[in-house]
Amino acid sequence: MSEEQEHWNELCQGNSKAFEKLYSHFAQDLFRYGYRICTNHELVQDSIQDLFLHLWNKRSELGAVHSPRFYLYRSLRNKLVRSSQSDRFVFSMDGDLSEQWFPAEKDIETNWIMDEHNRIQLSRLHEALLKLPIRQQEVIQLRYYHDFSAEEIGRMMHINQQSVRNLQNRAMQQLRSELPFFPVSLLAIAFYYGF
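What you see is a predicted model, and the numbers here were worked out from it, not measured in a lab.

Trainee: Could you clarify how one ought to interpret the environment of Asp147 in this entry?
Mentor: Topologically, Asp147 is positioned in the loop between helix H9 (134-145) and helix H10 (150-157). Residue Asp147 is classed as exposed on the basis of its relative accessible area, which comes to 54%. If sequence neighbours within four positions are ignored, Asp147 has contacts with Arg69 and Leu142. Within the structure, the side chain of Asp147 is placed 3.2 Å from the side chain of Arg143, a separation counted as a polar contact.

Trainee: I'm lost on the packing of H9 against helix H11 (residues 161-178) in this one. Help?
Mentor: Each pair of packed helices gets described by two things: the angle between the helix axes and the distance between those axes. Packing of H9 against H11 brings their axes to within 9 Å, and their N-to-C directions diverge by 95 degrees. With respect to each other, H9 and H11 are oriented roughly perpendicular. Packed against H9, whose contacting residues are Arg135, Gln136, Val139, Ile140, Arg143 and Tyr144, the element H11 presents Val164, Leu167, Gln168, Arg170, Ala171, Met172 and Gln174 at the interface. Split by residue class, the contact of H9 with H11 holds seven nonpolar, three polar and three charged.

Trainee: Help me out: how do you make sense of unusual backbone geometry in this one?
Mentor: The phi angle of most residues is negative, glycine excepted, and most peptide bonds adopt the trans form. Phi is positive for Asp147, close to 60 degrees, though the residue is something other than glycine. Of note in this structure, His158 is not a glycine but carries a positive phi near 65 degrees. Turning to its location among the elements, His158 is positioned in the loop between H10 and H11.

Rules used in this analysis
Residues numbered from 1 in each chain as written. Predicted model: local features only at pLDDT ≥ 70, side-chain atom pairs only at ≥ 80, totals over all residues. Heavy atoms only, no water. Helix = DSSP H or I, 4+ residues; strand = E, 2+ residues; numbered from the N terminus. Buried < 20%, exposed > 50% of the residue type's maximum accessible area, 1.4 Å probe, protein only. Contact = heavy atoms within 4.5 Å. Polar contact = N/O pair within 3.5 Å; in protein donor to acceptor, adjacent residues only side chain to side chain. Axes fitted to C-alpha atoms, helices over the stretch in contact; angles between N-to-C directions. Parallel < 35°, antiparallel > 145°, perpendicular 65-115°, else oblique. Nonpolar A, V, L, I, M, F, W, Y, C, P; charged D, E, K, R; others polar.

This is the structure:
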């Protein structure tokens, strides 16, 4: 059983420490994902707070879930879609947000980004990502930054797995047509540094 699953089970039994650990573990990534769906960072923050408040208030009724991570991402997505009264997504253009709200630590990736060649490559990737249709951007983010499977992405976005694969394949084809030799690992870094 994974650590997040253990914390979930303990949360269902009323363990406040497990609740705090779940929140600490997921809050930053949920915010980054939520900000891609809705550019209103106050709404994203409020939705995350509401989501965790709901979990705590309904803890005795929650029961087991196969993947707490999936449950949280899907719940946040549904909350934001309902809040906007539309299934149309407005992706953020604010590349500095992640550093503003979540300062990055000095690490290997930071050193990598400091290299001029890599910054140019990352900048080109950002431009290419912005040209993708919004649904393709979302699939790429969920797959390469948040590491969800095609099945999980399909359930989250309310589409079948083949549609997820089609969106992902079209997105990758378009990215490779503009940047023929970019490493796929660069996608995770692009989202981490605020695409």
